[in-house]
Structure formats: C-alpha cells, structure tokens
Amino acid sequence: MSAVPAWGPVSERAGGQLLLRSQPGAIEVTFNRPEKHNAFTAAMYAELERVCELAASTAALHVVIFRGAGGRAFAAGNDISSFLGFSSGADGVAYEARIRGVLDGIAALPQVTIAAVEGHCVGGGLAVANACDLRICTPTARFGYPIARTLGNVLSAPIVLRCAEVFGDSLTREMILASRTVDARRAEAVGAVMEVVASERLEAEVWGVAAGILRAAPLTIQVTKDQLRAGRDGYDVAADDARLERVYGSDDFAEGVAAFLGKRKPAFRGDAG
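Since we're looking at a predicted model, the values are computed, not measured.

Conventions and cut-offs
- Think of each chain on its own: its residues are numbered from 1, step by step along the sequence as written.
- Local features in this predicted model are restricted to residues of pLDDT 70 or higher, and side-chain atom pairs are both shown and tallied only at a pLDDT of 80 or more, whereas totals for entire chains, interfaces and linings draw on every residue.
- To get the side-chain values, all heavy atoms of the structure are used, and hydrogens and water are removed first.
- Put simply, DSSP H or I for four residues or longer makes a helix, DSSP E for two residues or longer makes a strand, and each gets a number counted from the N terminus.
- Only protein chains enter the accessibility calculation, which uses a 1.4 Å probe; a residue whose area is less than 20% of its type maximum is buried, one above 50% is exposed, and one in between is partly exposed.
- Contacts were defined at the residue level, with two residues in contact if any of their heavy atoms lie within 4.5 Å.
- Shrake-Rupley sampling with a 1.4 Å probe provides the accessible areas, and residues are treated as covered by the protein chains on show and by no other component.
- In this tally, Lys and Arg are treated as positive and Asp and Glu as negative; His is ignored, and so are the chain termini.
- Just so you know, the charge point we use is NZ for Lys, CZ for Arg, CG for Asp and CD for Glu.
- For patch building, the residue pool is restricted to those with more than 30% relative accessible area and no salt bridge; the joining distance is 9 Å between like charges and 5 Å between nonpolar side chains (Val, Leu, Ile, Met, Phe, Trp, Tyr).
- Think of a salt bridge as a Lys or Arg side-chain nitrogen and an Asp or Glu carboxyl oxygen that are within 4 Å of each other.
- To pair, rings of Phe, Tyr and Trp, with the six-membered ring standing in for Trp, must have centres within 6.5 Å; the planes then decide the type, stacked if under 30 degrees apart, edge-to-face if over 60, and tilted in the middle.
- Polar contact is the term for a pair of N or O atoms within 3.5 Å; when the atoms are in protein, one must be able to donate a hydrogen and the other to accept it, and sequence-neighboring residues count only if both atoms are side-chain atoms.

Notes on the overall build of the protein chain
- Counting its secondary structure elements, the protein chain contains 10 helices and 11 strands.
- For the protein chain, the spread of C-alpha atoms along the three principal axes comes to 65 × 45 × 35 Å.
- Counting only residues that meet the buried cut, the protein chain has 43% of its 273 residues in that class.
- If you take every contact in the protein chain between residues at least 6 apart in sequence, the share linking residues at least 24 apart comes to 63%.
- Accessible surface computed for the protein chain: about 13,500 Å², of which carbon and sulfur atoms make up 56%.
- The averaged location of the 31 negative side-chain charges in the protein chain is 4 Å from the averaged location of its 28 positive side-chain charges.

Let's talk about a nonpolar patch on the surface
- Taken together, the side chains of Leu244, Tyr248, Phe253, Val257, Phe260 and Leu261 define a hydrophobic patch exposed on the protein surface, amounting to about 660 Å² of accessible area.
- For the nonpolar patch, the secondary-structure elements that each account for two or more residues are α9 (237–248) and α10 (251–261).
- The element contributing the most residues to the nonpolar patch is α10, with 4 residues.
- Position of Tyr248 relative to the elements: it lies in helix α9.

Some points on the packing of aromatic side chains
- Evaluation of the coordinates by the stated rule reveals 10 aromatic pairs.
- Ring centres of Phe86 and Tyr95 lie 5.7 Å apart, and the angle between their planes is 70 degrees; on these two criteria the pair is classed as edge-to-face.
- Taking the centre distance of 5.0 Å and the plane angle of 70 degrees together, the rings of Tyr248 and Phe253 count as edge-to-face.
- Overall, Tyr248 belongs to the exposed group, its relative accessible area being 56%.

Quick word on the side chain of Asp252
- With respect to the helices and strands, Asp252 occurs in helix α10.
- With no salt bridge to any partner, buried Asp252 finds its closest opposite charge in Arg269, at an N-O distance of 5.1 Å.
- Among the polar contacts made by the side chain of Asp252, one reaches the main-chain amide nitrogen of Gly270 at a distance of 2.7 Å.
- Excluding residues that lie within four positions of it along the chain, Asp252 makes contacts with Pro218, Ala267, Phe268, Arg269, Gly270 and Asp271.

Dropping the structure here:
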C-alpha cells in the first residue's frame, strides 16, 4: 500500500455539488450532497459529462477516482424532485438517454476508473460504480436498484446489462426483481468489488491501487480496455491485430523487456514508438 500524497486544491463544480482535486496522473471526483446521501442532480450529471470529456482528452491522466462525501453514501440514486416535471413517457425516455450518455462517457474513459464506495450505492450511484473499471468498498457498502418498491420506474437496458456484467445475472435479478440490496461481503464474493477495507483505510487502499496503475504501461491498459469494451461479440481479428502490433512495436514494450532482463523497474511513457 502506498502513502497518499498531497492532493491539489479542491475545485468546486455544479455549485459545489461536485468536487474535483488532482495530483500528477490522477483526479478524484467527489459527489458532494451528503445531506441528501449524494443523490445526483441534473447539474451534477451535466458536470460529470464535462469532466469526462476533459479527462478523455488529457493524455497525462491515467486514473480517475469517484467517491461520495460524508461517509454514509457513495450516491443514493437520483434526486427525485427531477421527476416532478414529467408529463409523459417520452420525458422518461429523454431522461434515461441523458443518464445513459453520462454513464457511457465514464465507461469509455481511456483511464482506469475506480469507485471508492462507502454506505449506500443504489440507483444512479450503482450505475456510476458499475461503469467504473474497479470498485473498492467499506463494510457499510450496500448495492442495489430497489426501484420496483420505490418509484416504479425502469432502467434502460444498458444499465441493467452492465450490472449483470459486474454482479452477475442472479444478483442483478435479486436487486431489481426482489428489490433487495447486496452487502459488501456478497459483492466481494462475486468479484463485483476487488476488496472490502475498513473506512479509515479506504483512501490509502484506493491510492495504493492508483499508484500501481500509474507505474503500469499505459498502452497495455488502453488496449485491454478497448478489448473489454468490444467484448466477444465485437471481436475483429484485423482490429485486434492492429492493437497488438501497436503495443508490440512500441518503445514501452522494448523498455519493458530491457528492464526485466536488466533486473530494474521499467520507465513506461505510453509512446507507441
């Protein structure tokens, strides 16, 4: 585990509902409505979209961390007041399309994304956590989509399917059809979270993972994320061979081989060569 270095100054976004801080190679995005269990507002979603656009175009950035303020929730869904203006089913379709766009933006980030989860991680909060590459949580974490017993709304298919990819088909059905939440122990057992750690250790544990990623070969991570996004159904031999050629022909691969044989740590730069 690496010691957590000092973060830069906090930047307030969306009227302070979203907080941003950075250090070399990494940024942390904090959902900051602890009095509302960090429930998402339209302004927060809009700012999340802008943050993702900025991150995607920043080559020197390799890790993006998401977390909730206050220790009681990662995010407890969406602010229900946002539904008050709905007058037809078409409003719901447009709403889900906007949210889907934000989540797709998180999932498409070239950086490794980490959700640091404490407390409630439900509804929109779970959708964000599932869009991340990795999840680390505390024992208080609870995951779910209890929408059938609360609002009676429905999720767009990509959100449901992404949950099934992370938690498995059975637990996804349990979350939605039986409106049951999944605790940290069960989430870890199915591999949905990589580790469960005490609350006081969460930041150091997340940074330990982030520090390891910052030492890794960026091209290896980028290509692997591309392969995972394409999935088995999207596998194309020519496209994949082009990715392989890019990595094996890179300066970083040559550096990795030389460092291994020279019994030293490699100095990866992310250059394609």
